[in-house]
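Observations on the model geometry
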Amino acid sequence: MTESLSQAIETLQRSRSMLEPVLASFEKRVAQFGADPRSAFWKDEEWQKRRYDVLSRLFDEPDRLGGISITDFGCGYGAFFDYLADRPLMKNSRYTGIDMSAAMIEEANARIRDSRATFQSHLIATETADYTVVCGTYNMNLGADEGEWVNYIEASLEQLWSRTRKALGFNMLRSDAAEKYPGLYYADGREFLEFCKQSLGPDVSFIEDRPLPDFTIFVRRDQKGE
């Protein structure tokens with residue numbers, strides 16, 4: 001383990017108390033709504049799907065025929081697996097959903113009885129996968145200190161990258177979004193783009209798909225790996 005990765009994991013451990021109000025909020029929502037976009041504080045199912053359409057561009061063309069492993073960090077009740085389940089991509093593939101909310105994982109396990117999918121309650125990725133996807137996971141901070149929140153996000157991305165063989169994709173709310181709501185974190189995409197280039201890898205792409213109020217960043221490893 002590199003010194004940088006060791007520091008990232010220490011930062012994640014320190015972030016647990018900061019994340020407790022966020023966790024409580026999600027636990028309350030999933031108890032109220034169950035397997036519904038509202039549980040993850042999404043506007044509606046249409047916009048949720050649109051985000052998945054963008055993130056699905058992460059997968060390399062040959063891998064769209066299956067035989068890959070995917071980590072979905074912040075998986076909630078497993079909606080991204082629902083989106084992928086009947087696509088050729090999931091033929092002989094393995095999906096691991098990770099969420100800090102035990103209630104979300106319980107909901108996912110109750111709904112999805114598919115041998116290709118497993119769900120775990122963790123704050124980190126515990127296994128290495130070909131692809132890692134992070135959808136909306138860093139959006140809700142409920143007024144946490146912004147500097148601490150950025151440190152948490154960067155540490156999380158670094159840890160996830162260490163467990164990613166091919167490519168990592170994540171989205172966040174844009175700082176120039178037309179509408180902003182209390183308790184949500186709106187990020188400067190340029191800053192996170194630069195972070196990814198400096199700390200993860202140079203093969204980075206940036207996507208905006210308006211009217212979605214967020215940006216998406218893909219980071220890819222070179223063919224020889226890193």
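**Side note on a negative patch on the surface**
On the surface, Asp-145, Glu-146, Glu-148 and Glu-191 cluster together into a patch of negative charge. On the secondary structure map, Glu-148 appears in helix H6 (residues 146-162).

**Considerations on unusual backbone geometry**
Residue Pro-211 follows Arg-210 across a cis peptide bond; omega there is 15 degrees. Note that Pro-211 resides in the loop between strand E7 (203-208) and strand E8 (214-220). A positive phi angle, near 55 degrees, is found at Asn-92, a position not held by glycine. The exposure class assigned to Asn-92 is exposed, which follows from its relative accessible area of 68%. Despite not being glycine, Leu-142 has its phi angle at roughly 50 degrees, a positive value.

**Remarks on the packing of aromatic side chains**
Centre-to-centre distance and the angle between the planes together describe a pair of aromatic rings. In total, this model carries nine aromatic pairs according to the counting rule given. Considering the side-chain rings of Phe-206 and Phe-215, the 5.4 Å spacing of their centres and the 20 degrees angle between planes classify their relative orientation as stacked. Assessed through its relative accessible area of 34%, Phe-206 is described here as partly exposed. Under the relative-accessibility criterion, Phe-215 is labelled buried at 1%. By the ring-pair criterion, three or more aromatic residues cluster together here, those being Tyr-52, Phe-80 and Tyr-83. The residue whose ring lies beneath Lys-180 is Tyr-186, and the NZ or CZ to ring-centre distance is 5.5 Å.

**Examining the side chain of Arg-174**
Counting through the fold element by element, Arg-174 comes out in strand E5 (residues 164-174). Taking the relative accessible area as the measure of exposure, Arg-174 reaches 5% and is therefore buried. Ignoring any residue separated from it by four or fewer positions in sequence, one finds Arg-174 in contact with Lys-180, Tyr-186, Ala-187, Glu-208, Arg-210, Leu-212, Pro-213, Asp-214 and Phe-215.

**Re the pattern of salt bridges**
Inspection of the entire model under this criterion finds 14 salt bridges. Measuring nitrogen to oxygen at the nearest pair gives 3.2 Å for the salt bridge that ties Asp-53 to Lys-49. With Asp-53 and Lys-49 both in helix H3 (residues 45-55) and four residues apart, the pair spans about one turn of that helix. What makes Lys-49 partly exposed here is its relative accessible area of 42%. The salt bridge partner of Arg-174 is Asp-176, with a shortest N-O separation of 2.7 Å. When its relative accessible area of 45% is taken as the criterion, Asp-176 is described as partly exposed. Each of the salt bridges in this network shares a partner with another, and the network as a whole consists of Arg-174, Asp-176, Glu-208 and Arg-210.

Conventions we followed
Residues numbered from 1 in each chain as written. Predicted model: local features only at pLDDT ≥ 70, side-chain atom pairs only at ≥ 80, totals over all residues. Heavy atoms only, no water. Patch = residues over 30% accessible without salt bridge, like charges linked within 9 Å, V, L, I, M, F, W, Y side chains within 5 Å. Areas by Shrake-Rupley, 256 points an atom, 1.4 Å probe, with all protein chains shown as cover. Salt bridge = Lys/Arg side-chain N within 4 Å of Asp/Glu carboxyl O. Lys, Arg positive; Asp, Glu negative; His and termini not counted. Charge placed at Lys NZ, Arg CZ, Asp CG, Glu CD. Helix = DSSP H or I, 4+ residues; strand = E, 2+ residues; numbered from the N terminus. Buried < 20%, exposed > 50% of the residue type's maximum accessible area, 1.4 Å probe, protein only. Phe/Tyr/Trp six-rings, centres within 6.5 Å; stacked < 30°, edge-to-face > 60°. Lys NZ or Arg CZ within 6 Å of the ring centre and 35° of its normal. Contact = heavy atoms within 4.5 Å.

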